[in-house]
Amino acid sequence: MTGPIAAWRRCCALLVAAAVVGTALAATNATIAQAETTRHEAELALLTGGATAAADHAGYTGSGFVDGYTDGNKGTATTSFAVEIATDAEHTLTLRYANGTGSPKTLTLIIDGAAQQVSLPATANWDDWATHSVSVDLTSGAHTVAYRFGAADSGNVNLDNLEVAPPPQPGAGYSTGPVFEAEAATLAGGAVVASDHAGYSGSGFVGGYTDANSGSASTTFKVRISGGGAVDLVFRYANGTPTDRTLSLVVDGAHVDQLSFPTTSNWDTWDTVTVARSLPEGDHDITLLYGSADNGNVNLDRLDVVDGGEPQPAGPGEAEDAYVSGGAVVTAATGGHSGTGYVEGFTAEGARVVRALGVESAGTATATIRFTTPASDRSLDLLVNARVVGTVDFPSGTGWRTTAMSVPVRAGVNTVGLRAASAGADVFIDSIDVSTQAELAARGATTTYRQYEAEAGSTDGTVLTPSRTYGTVASESSGRSAVRLDTTGEHVSIALASPANGLVLRYSIPDNATGTGLSTPLGLYADGTKLTDVTLTSEHSWLYGAYPYLNDPNSPRPEDRCGPEGGACVPHRFFDEVRVQLPDELPAGTVLRLQKDSAATSHIDIDLVEAEVVPPPLTRPSDALSIIDFGARSGQDATTAINAAVAQARQQRVPVWIPEGDFRLTSAIQVSDVTVLGAGPWYSSIEQTNGRGGFYGSGGGVAIADLAILGDLTVRLDDASDTAIEGDFASDTLIQNVWIQHTKTALWVRPGSKDVLAVGLRVRDTYADGVNLRSSENSRVVQSTFRNTGDDAMAMWSSDGPGSRNTFAFNTVQTPALSNGIAVYGGGPDNRVEDNLVADIVSAGAGISISTRFGVPFSGTTHVRRNTLERAGSREPGWPAELGALWIYADIHPINAPIVIRDMTITDSTFSGVHMSWEKSIDQVSFERVRVDGTGTYGLLFEAPGTTSFADTTVLDTTLGGLSNPSDHTIIRGEGNSGF
């Protein structure tokens, strides 16, 4: 990408962003009531000392640019501009340049003989141009502005032009509206008035947002706000292309968001996009810009600025807050809706809206749907927990109305939604309210189990001293401590706070000399009465040697892969988990005792216990095909039978039923346009054989729910084992209530997939990632839990192009054995990490990492909001490096698209709370309402150049200080900061 705005995104400090954008807009032929910006082409200036005109790189303005700022001309190469100033005032000088060296370079700015050094950050290459701005007081008359490769400079840049901008005149051309026609706004960068498509308001519309004008085309509305407060900016547009398009929203010179403009049916059809903003009283420039990270190609009709008050109070179950896919979209064009909008676009098969909601107790609830039908009757399938439980008829009529149906609900997280089974007329869905819905956890997943830390119980064993030293049992423990039972008869006891008949025990026992594992019984008692012996094994734990690790204690430890002193190759991954279903429910108050009753192993380490009431098995839907009828038997190879059942079910368009039992697979089951249901993950299990087995999806219409997928791996085998669920998902995929353990990866969404919704995953002890969304679109993982994953617990990896509109929300991540809790590797726009809880990062990762270590560069805005990181950050022993709890890492690409960090809580970080590295620049990062409380080193650590803004950010209780900034990162301090 080229152009001044692309460069501004990369390099300019937010402090001068208003001047840069104002310059780009004012340097056009637009009529505005103020002195105009003047542009001075460098190739036409006075060139001395070896500076010469050239044209061998693309993207310049005018007839060329100036090069010659080479080391051979150090101390002499100069470009001198003759500048005429009309009035005494502060002016903004904006230099457009290219710096393809890969690191910042300096020149000396000389104004009428007065010199100052300026730093010019690197651009992506020599065809990519950036701007550098400085404000100076200039008197009326002639001035000489020169840029010299001085004796103390590093030079080696190319210069394109210099723009000189006067200060704006307050109030010029501003109006209270509320309707602002685009054709009457200030147009720049190739944006033009047109009237060759029907349906516009006013006298025309604005076109010119074409690829030829990428980085420059803009429309600026001059808006006067009376009183200040919340407003809705409603942009009316047409997008006749087959895909969604984007433009950048710039308010008062600051880039605030990338807006998505969904496709309209043709160029004569107009729609609206609404943005909620809070604007203070006064005059504001509202700009839609075809920025370097946008794909443009829309027409703009007008801007309506309306009071931001909601047309109706937001009620329960607002559809605009739910997951939508398949052509369904959130809009607010039709009045009378509640909340901030509603969902429309149910004209195509597969269009859907799905809510995830909590319910206290299983039973029957009433689902009340608020709707309107803009044209004619419509019917949609009612989906509850991946099952079609009925059809909802929406009769034609006027105004918003309601209809209600009874639905079966479970204790815990449910999904309730509507889906178009076939093409037809549209219906607008305002809300889906379920009568018994309960509050979900504010951050992290809502679960049906209660977690008890062993070290918080009563024990006559040894509570391990908390540690974060890689290679120790304590460092891999939840909360960084556990209980060791090393003498026969020692125990740890917990009192149940609620009833339970299902337990999960997280434990560690020693390995044997060959790495194949030991086993031992663990006595389980309730109120002093022994219930059973639970068999523990270390077959699936303990790894050795270099990444990706082996289970042989004698594995090689090559120095080039193990780091200094072999720190990356110490034994690790000590824990495993076992689940126990009891015949009788234990009441609240029962004292559970876990006791070492055998000398089979030297010790048993107990980390935690999860206790829950296991619901009764789910029943087979009346139309489902059972795999038993195709020859499947529990404990035997069911691959052929399940494949046959899937093929028949797809043909008949009915579900596949996995009954109670343990069904073995020798290869992955291919699924497309079919639903696979089980009796619940405590009852229906798919078991791998030699790492093979699971589900591979292709196309759309895939649903997998209510079962467990249990692997038999003992090491990571990337090419010789199957992911539990993998696929090329085209649309309309739902994965819900699936328990996955001991597989390579839990969910691997392949490049090009879209519209995957995963709810209520329970991922444990994988040998690679928990979930990986590779170059996916509009996919979402919510209300899921992850523990002891062998790589990133959750990753968005833009490996084959930018993944966009993906979301990780309301998930809980604990103790990943390697790498990050949550990672976003490039891509965009509109990828989101929100409302998650991440704790106890073990090695080579952060709680949340925003990174270009892999994948394509970032584009558009990445949102990181309302997350909590506890005891996060770790040491990368192979480099070595100390990584922060929140780690923003510019590795193979600079980060120059907006990263929005909001409402984050970071507590008890192992090293720094916030960490930015490495040598490439990181720009357009903003922090607001962030709290860093307790760090092992610094509160904020900057090891990369760039620009970051902070507001209402607090740093407390640091070991080495609130701030370390060896990279001279530009920090813009807003209001409300403290501690750094």
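Residues numbered from 1 in each chain as written. Predicted model: local features only at pLDDT ≥ 70, side-chain atom pairs only at ≥ 80, totals over all residues. Heavy atoms only, no water.

An unreviewed UniProt entry lists the protein chain under the name Carbohydrate-binding protein, with Myceligenerans pegani as the source organism.

Caption draft 1: Representation of the overall build of the protein chain within the structure. Within the protein chain one finds 4 helices and 82 strands. Its C-alpha atoms give the protein chain a radius of gyration of 31 Å, within 12% of the compact-globule value 30 Å for 980 residues. Expressed as lengths along the three principal axes of its C-alpha atoms, the size of the protein chain is roughly 95 × 75 × 50 Å. The proportion of buried residues among the 980 residues of the protein chain is 58%. Nonlocal contacts in the protein chain, meaning residues at least 24 apart in sequence, comprise 75% of its contacts between residues at least 6 apart. Roughly 34300 Å² of accessible area belongs to the protein chain as shown, and the carbon and sulfur atoms make up 49% of that amount. (Helix = DSSP H or I, 4+ residues; strand = E, 2+ residues; numbered from the N terminus. Rg over C-alpha atoms; globule rule 2.2 N^0.38 Å. Buried < 20%, exposed > 50% of the residue type's maximum accessible area, 1.4 Å probe, protein only. Contact = heavy atoms within 4.5 Å. Areas by Shrake-Rupley, 256 points an atom, 1.4 Å probe, with all protein chains shown as cover.)

Caption draft 2: Quick peek at helix α4 (residues 639–652). Along its 14 residues, α4 runs 20 Å from first to last C-alpha, staying within 8% of the 20 Å computed at 1.5 Å per residue. Of all the positions in α4, only T639, A641, I642, A645, V646 and A649 are classed as buried. When α4 is viewed along its axis, its buried side chains cluster within an angular range of 160 degrees and face the same direction. In α4, the exposed positions that point more than 90 degrees away from the buried face belong to T640 and Q651. Positive backbone phi, approximately 60 degrees, marks R653, located one or two places after α4. (Expected span 1.5 Å × (residues − 1). Arc of directions from axis to C-beta.)

Caption draft 3: Quick peek at the packing of aromatic side chains. Counted according to the given criterion, the structure contains 22 aromatic pairs. Considering the side-chain rings of Y342 and F428, the 5.1 Å spacing of their centres and the 25 degrees angle between planes classify their relative orientation as stacked. Placement of the pair is Y342 in strand β25 (residues 342–344) and F428 in strand β32 (residues 428–434), with a sequence separation of 86 residues. For the residue pair Y342 and F428, the accessibility class agrees, reading buried in each case. Their ring planes at 90 degrees and their centres at 5.7 Å tell us that Y547 and Y549 sit as a pair that is edge-to-face. Overall, Y547 belongs to the partly exposed group, its relative accessible area being 39%. Site record: aromatic cluster; members linked through ring pairs are W748, W797, Y825 and F854. The cationic tip of R579 hangs over the ring face of W739; the distance from NZ or CZ to the ring centre is 4.5 Å. Its guanidinium or amino end placed over the ring of W739, R762 lies 3.9 Å from that ring's centre, counting from NZ or CZ. (Phe/Tyr/Trp six-rings, centres within 6.5 Å; stacked < 30°, edge-to-face > 60°. Lys NZ or Arg CZ within 6 Å of the ring centre and 35° of its normal.)

Caption draft 4: Fine view of the sheet that holds strand β2 (residues 46–48). Here 5 strands make up an open sheet; going across it, the order is β2-β5-β10-β7-β8 and the pairing antiparallel. Pairing within the sheet leaves two strands with one partner each, and these edge strands are β2 and β8 (114–120). When strand polarity is set aside, the average angle formed by the axes of neighbouring strands in this sheet is 25 degrees. In the sheet, β2 pairs with strand β5 (residues 78–85) via 3 bridges, with the strands oriented antiparallel. If you follow L47 over to β5, its bridge partner there is T79. (Pairing = 2+ DSSP bridges. Axes fitted to C-alpha atoms, helices over the stretch in contact; angles between N-to-C directions.)

Caption draft 5: Inspection of the state of the cysteines at higher detail. With the rule as written, the count across this model stands at 1 disulfide. Two residues share a disulfide in this structure: C562 and C569, whose sulfurs sit 1.9 Å from each other. When the S-S torsion is -90 degrees, as for the bridge of C562 with C569, the disulfide is left-handed. Like C562, the residue C569 is buried in the burial classification. (Disulfide = S-S within 2.5 Å.)

Caption draft 6: The arrangement of the pairing of strand β39 (residues 500–508) in detail. Within β39, 9 of the 9 residues are buried, which leaves the element mostly enclosed by the surrounding structure. Across 7 bridges, β39 lies against strand β42 (residues 576–586) in antiparallel orientation. Opposite G502, over in β42, you have Q581 as the bridge partner. Strand direction decides the pairing type here: β39 and strand β44 (residues 604–612), joined by 7 bridges, are antiparallel. Counted as the bridge partner of G502 is E612 from β44.

Caption draft 7: Molecular detail of empty space enclosed by the protein. Evaluation of the coordinates by the stated rule reveals 3 cavities of 30 Å³ or more. Empty space within the largest cavity amounts to approximately 80 Å³. Considering the residues around the largest cavity, the lining is formed by L543, Y547, P548, Y549, H572, R573, R716, Y767, G790, A817 and L818. Residues of the lining of the largest cavity, tallied by class, amount to 7 nonpolar, 2 polar and 2 charged. Computed from the structure, the second largest cavity encloses a volume of approximately 60 Å³. If you trace the second largest cavity, you find it lined by A454, V492, S493, I494, L505, L592, L594, I606 and V609. (1 Å grid on protein atoms, 1.4 Å probe; cavity = no way out; pocket = protein on both sides within 12 Å on 5 of 7 lines; lining within 4 Å. Points joined across faces, edges and corners; volume = space filled by probe spheres on them. Nonpolar A, V, L, I, M, F, W, Y, C, P; charged D, E, K, R; others polar.)

Caption draft 8: The arrangement of the UniProt feature "domain: CBM6" (unreviewed entry) in the protein chain in detail. UniProt's feature table lists "domain: CBM6" (unreviewed entry) at residues 38–165, 178–306 and 315–435, given in the numbering used throughout. Along residues 38–165 one finds 0% helix and 55% strand; the C-alpha atoms at either end are 7 Å apart. (UniProt positions renumbered as here; feature names shortened; annotations may be inferred.)

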